[in-house]
Structure formats: structure tokens, C-alpha cells
Amino acid sequence: MNESLLWFLMTLLGYLLGAIPFGVVVSKALGLADPRTVGSKNVGFTNVLRVSGTKAGVLTLLGDMGKGWVMGWAAMHWLTVESFIMLVALSPILGHLFSPFLNFKGGKGVATALGAVLGLSPSIGLLLLLIWLGTVAIWRYSSGGALAAFGLFPVVAIVNEQRQEFLVFALVVSGLIWVKHKDNIVRLWKGTESKIGERKN
């Protein structure tokens, strides 16, 4: 198959896969509250964990990371043009952020982005994951961990990668994550951001 056609099909598939709101799917499957109606009303891991418990939260995390990873991994193994690889890896993140199943709204993209980076570069993805976990372990702010990890992503890319396309990918993804966390940044500044372990009804 022509690589341009394969890239187009993979990008479309990645967007649709990324658009699946696993937080909603998992919550409905387990008979729990729709995360869009409780807590922060976000469909991502943190809100599901807070309002529905560990099982639902972990399943949501695995689903959201998995859809990013599978497209990043597939792009690395099936495509050769660097720009095509990065666009395919970006597609599930965009699908998660702007899901047609949620009126083009969505989550904040952290888990899906981590999965995509793990698929593209396991070592860098693992480093970002460790930065996120370390920050959360110290300060207990999930949003703070995400902002730290993706704030450092372009720096990590410069230090560890030789591909210019990967750096552009890192800048775009980091920008999207930070923009999606603008309200969290305000709450962190004011000291009103919820911490991991604080359960909300």
C-alpha cells in the first residue's frame, strides 16, 4: 500500500480510537456515575479515580494510555516518513481532546499523550511517566505532575532525540496539555486545586 494512503488511514483510525472516552465507557460498564456529571466533570483518569474509585480509575488510565500507545507503536513500525509517524501519534491525542462522541469536547490528554510517547520512544515515555509519578508522589497534584512532565518534554526531546520532527511533536503536545490545564494552573496558583486521595461526591 502507498505510504501516503496508509498514513491517512492510520491517522483517521487514530483519531477515532482516541475519541473513545474510556472514562465514560468504563463507568457505564461498571454501573457507576457518568464522570461528565460528577466531580470536575472531566472524563479522564483523575476525575474517574476520585469519584468512582481505584478500579474504574485504573481501567480508564489503561484505556486512555493504550489508545495512544498502539498508534505510536504502529506508526513507528509501519511508516518510514518521520512527519507521518508523528502525525499518526498525534491523532489519538487530538481525538481524546476533541471527541466527536462528546460534541468535540474531551479530556485533557495526559494519559493518551503518555501512551503515544511510550509507543514512539519507550525510554522518553518512561522518563515522562516517572516525572509525573514523582511529582504526584511529592505534592499529590495530578495536574501538577502532568504540567511538570509535559513542561519538560521538549527539553527531554532535545537532549535525547536527534529527530527534528520529534521535537516539533513534543512542542505541540506540550502546548496542548498546558492549554487544556489552564484552569488547573489558576487553581494551583490559588492553592485550591484538589489533591490525589481527596474524594469528591
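Our structure is the block above this text.
Here is a short report on the structure shown in this document. Note that this is a predicted model, so its numbers are computed, not measured.

Below, the discussion takes up the pattern of salt bridges. By the definition in use, this model includes four salt bridges. Among the ionic pairs, Glu-82 bridges to Arg-163, the shortest N-O distance being 3.2 Å. Remark: Arg-163 occurs in the loop between helix H8 (142-160) and helix H9 (164-180) and Glu-82 occurs in helix H5 (residues 82-97); sequence separation between them is 81 residues. A residue is classified by how much of its surface remains accessible, and Glu-82, at 25% relative accessible area, is partly exposed. The class for Arg-163 is buried, based on a relative accessible area of 17%.

Another aspect to go through is the nonpolar core. Nonpolar side chains tend to gather and get buried jointly when the protein is soluble and globular. Counting 40 residues, the largest nonpolar core has Ile-93, Leu-128, Trp-132, Phe-150, Phe-153, Phe-169 and Val-173 as its most contacted members. At the level of elements, helix H4 (54-78), H5, helix H6 (110-120), helix H7 (122-139), H8 and H9 are the ones that each hand at least two residues to this core. Beyond its immediate chain neighbours, meaning those up to four positions away, Ile-93 contacts Thr-112, Ala-113, Ala-116, Phe-169 and Val-173.

With 18 residues, H7 extends 26 Å between its outermost C-alpha atoms, agreeing within 8% with the 26 Å of an ideal straight helix rising 1.5 Å per residue. Two residues or fewer past H7, Arg-140 is found with a positive phi of approximately 65°.

So, on to helix H2 (residues 22-29). For H2, the set of buried residues is Gly-23, Val-24, Val-26 and Ser-27. Buried-residue contacts for H2 involve helix H3 (45-52) and H4. Phi turns positive one or two residues past the end of H2, at Gly-31, with a value near 70°.

Take the packing of aromatic side chains next. Taken as a whole and judged by the stated rule, the model has seven aromatic pairs. The interplanar angle of 85° and the centroid separation of 6.0 Å between the aromatic rings of Phe-150 and Phe-153 together place this pair among those described as edge-to-face. One end of the pair, Phe-150, and the other, Phe-153, are both in helix H8, three residues apart, so they sit about a helical turn from each other. Phe-153 shares its class with Phe-150; the two are buried. A centroid spacing of 6.1 Å and a plane angle of 45° characterise the contact between Phe-166 and Phe-169, whose relative ring orientation is tilted. A residue pair is termed a helical-turn pair when its members lie 3 or 4 positions apart in one helix, as Phe-166 and Phe-169 do in helix H9 at three residues. According to the relative accessible area criterion, Phe-166 is buried, its value standing at 0%.

Right, let's get into the side chain of Asp-64. Position of Asp-64 relative to the elements: it lies in helix H4. For Asp-64, the residues in contact, after removing those within four places along its chain, are Ile-20, Phe-22, Gly-44, His-96, Ala-111 and Thr-112.

Moving on, we come to the packing of H5 against H9. Remark: H5 packs on H9, axes separated minimally by 9 Å, with the N-to-C direction vectors making an angle of 10°. As summarised for this structure, H5 and H9 are arranged roughly parallel, according to the angle between their axes. Across from Glu-82, Ser-83, Met-86, Ala-89, Leu-90, Ile-93, Leu-94 and Leu-97 in H5, the residues of H9 making contact are Glu-165, Phe-166, Phe-169, Val-172, Val-173, Leu-176 and Lys-180. Of the residues that constitute the contact of H5 with H9, the class distribution is 11 nonpolar, one polar and three charged.

With respect to the helices and strands, Ala-116 occurs in helix H6. In sequence terms Ala-116 and Leu-90 are 26 residues apart; their C-alpha atoms lie 7.5 Å from each other. In this view, Ala-116 contacts Gly-68, Trp-69, Gly-72, Ala-89 and Ile-93; residues no more than four positions away in its chain are not counted.

Basis of the calculations
Residues numbered from 1 in each chain as written. Predicted model: local features only at pLDDT ≥ 70, side-chain atom pairs only at ≥ 80, totals over all residues. Heavy atoms only, no water. Salt bridge = Lys/Arg side-chain N within 4 Å of Asp/Glu carboxyl O. Helix = DSSP H or I, 4+ residues; strand = E, 2+ residues; numbered from the N terminus. Buried < 20%, exposed > 50% of the residue type's maximum accessible area, 1.4 Å probe, protein only. Core = buried A, V, L, I, M, F, W, Y, C linked by side-chain atoms within 4.5 Å. Contact = heavy atoms within 4.5 Å. Expected span 1.5 Å × (residues − 1). Phe/Tyr/Trp six-rings, centres within 6.5 Å; stacked < 30°, edge-to-face > 60°. Axes fitted to C-alpha atoms, helices over the stretch in contact; angles between N-to-C directions. Parallel < 35°, antiparallel > 145°, perpendicular 65-115°, else oblique. Nonpolar A, V, L, I, M, F, W, Y, C, P; charged D, E, K, R; others polar.

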